[in-house]
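# Structural description and commentary
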Amino acid sequence: MSNKMWGGRFTERPDAIMEEINVSIDVDRHLYAQDIAASKAHAAMLAAQGIITASDAKNIGKGLDTILSEIGEGAFDFKRALEDIHMNVESRLSELIGPAAGRLHTARSRNDQVATDFRLYVRDTIDQTDAALAAFQHALAARALEHAATVMPGFTHLQTAQPVTFGHHLLAYVEMAARDRGRFADARKRLNESPLGAAALAGTSFPIDRAATAKALGFDRPMANSLDAVSDRDFVLETLSAASIAAVHMSRFAEEIVIWTSPLVGLVRLSDKFTTGSSIMPQKRNPDAAELVRAKTGRVIGALNGLLIVMKGLPLAYQKDMQEDKQGAMEAFSALSLAIRAMTGMVLDLVPDEARMKAAAGEGYATATDLADWLVRTLKMPFRDAHHVTGRIVALASKQDVALHELTLKAMQEVEPRITGDALRVLSVEASVKSRTSYGGTAPKNVFSQAKAWLKRLEKERKLG
């Protein structure tokens, strides 16, 4: 018995293994809302163009609304024998309204149908991701405002470098998230063209109005080339690329939280809300949420790599290989969404140990650059000479096993006689961060201003919707 969707060309059922490899309903069932929306727009256009009757279009619309409700209520029977979401919806529509359901597929193909559905799905995902990233930014900016003057060590090579403020460190991730949002917005702009009406690959002889369906579905315009419309998935690749970069940012922050919460470092604490215990060691508090955010980055990057490999050797136009475009992408978007929400929760939950942060900020001769800058500014010494002099003073402090600010003025003057007591005032971590007033610097007044500006900007975005 042939598949009724194929018409009369096939006289035998496919082999069981063929059915298994060909079926996609387990994945593309998640496109049901987009598939029904596109079908309703298509039916309305067909009626407006006189291709089907208004009565048929009305019945199709009502039937599709019924199916949408059934799926939403969990009352829809998805059938693997019907392969995909398109055939499942059309089959159920036929049961509901009879032969008129068969008119819905006029002037379209599953090729343009699935391309349209997936564009709508990715567009919705981008909008949801943008909202999640905005919430992440808000949490970061609020905590940055709270800790605009909280001193902590800044690192390069994971070695203490110069003092910064905790607020300044948090604002760095606000900026990264802003660029992530920009990349998603760019991807959204480019994907927002409608493939619907491209049909299988060559367009259609029916007098359709592709601009009407594009407008009905919120697209900016129809895609200009029917071959391109059904055969490319660069909109998924670009969104996965943006997702991968965002996931890397989440992972880097997660890694810092793992390091900071270690008892060996002890800069911050997480509560029971975002930590777990050990099945054997009762004293343990593990930062598992942060560790899992790190791991989920692999899912996102893997999905991008996987789809690139699927697409790299495909000639135009549609190939069945492209059925593999959805599962990895959907799982990646879900993983990123969870990671962003987890990181937002941890930002709001973490408690910095301000005393430990301040003490750590002064370790490793972190204010040495401030001394070099003083030599340049006050003694008009060339920076390279000041760097050398400061290095000798640091070596002397290290030999005496004291902090730089604990070294006596007399000891410093043995290296550079012109150094005065004024130099000692620049060596505290508070003085160091306070002096970094250049645009984008860590001075508390800068951090306070930037955090306030971000909160104001994010609130304005929220009100504009």
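All values derive from a computational prediction rather than experimental measurement.

Next up on the list: the side chain of Arg 123. By the element assignment, Arg 123 lies in helix α6 (residues 110-146). One buried charge, Arg 123, has no salt-bridge partner; the nearest side chain with opposite charge is Asp 124, at 4.7 Å. Ignoring sequence-local partners within four residues, the contact set of Arg 123 consists of Arg 188, Leu 191, Asn 192, Leu 217, Gly 218 and Phe 219.

Attention shifts here to the pattern of salt bridges. Under the counting rule described, the total for this entry stands at 27 salt bridges. Arg 92 is paired through a salt bridge with Glu 70; the nearest N and O atoms lie 2.7 Å apart. With Arg 92 in helix α5 (residues 85-97) and Glu 70 in helix α4 (residues 54-72), this residue pair connects regions lying 22 residues apart in the sequence. Residue classification places Arg 92 among the partly exposed positions, given a relative accessible area of 23%. What makes Glu 70 buried here is its relative accessible area of 13%.

The next point concerns the pairing of strand β1 (residues 151-156). Here 6 bridges tie β1 to strand β2 (residues 159-165), and the two strands are oriented antiparallel to one another. Across the sheet, the residue bridging to Gly 154 is Gln 162, located in β2. Here β1 hands over to β2 after 2 residues, with His 157 in that stretch at a positive phi of 60°.

Another point: the UniProt feature "domain: Argininosuccinate lyase C-terminal" (unreviewed entry) in the protein chain. Here, UniProt's "domain: Argininosuccinate lyase C-terminal" (unreviewed entry) annotation points to residues 365-434. In residues 365-434, helix accounts for 61% and strand for 0%; the two terminal C-alpha atoms are 17 Å from one another.

The next thing to look at is the packing of aromatic side chains. Here a ring pair, both rings aromatic, is described through the centre-centre distance and the interplanar angle of the planes. Summed over the entire model, instances satisfying the criterion amount to 6 aromatic pairs. Centre to centre, the rings of Phe 166 and Trp 260 are 6.0 Å apart; their planes meet at 65°, and the pair counts as edge-to-face. Taken together, the residues Phe 166 in helix α7 (residues 166-191) and Trp 260 in helix α10 (residues 234-261) connect sequence positions 94 residues apart. Classification of Trp 260 as buried rests on a relative accessible area of 3%. Plain terms: the ring middles of Phe 253 and Trp 260 are 6.4 Å apart, the flat faces sit at 75° to each other, and that makes the pair edge-to-face. We note that Phe 253, like Trp 260, is buried. Among the aromatic residues, those joined into a ring-pair cluster are Phe 166, Tyr 173, Phe 253 and Trp 260. When the ring centre of Phe 219 is taken as reference, the NZ or CZ atom of Arg 123 above it lies at 5.1 Å.

Each value, and the rule that gives it
Residues numbered from 1 in each chain as written. Predicted model: local features only at pLDDT ≥ 70, side-chain atom pairs only at ≥ 80, totals over all residues. Heavy atoms only, no water. Helix = DSSP H or I, 4+ residues; strand = E, 2+ residues; numbered from the N terminus. Buried < 20%, exposed > 50% of the residue type's maximum accessible area, 1.4 Å probe, protein only. Lys, Arg positive; Asp, Glu negative; His and termini not counted. Salt bridge = Lys/Arg side-chain N within 4 Å of Asp/Glu carboxyl O. Contact = heavy atoms within 4.5 Å. Pairing = 2+ DSSP bridges. UniProt positions renumbered as here; feature names shortened; annotations may be inferred. Phe/Tyr/Trp six-rings, centres within 6.5 Å; stacked < 30°, edge-to-face > 60°. Lys NZ or Arg CZ within 6 Å of the ring centre and 35° of its normal.

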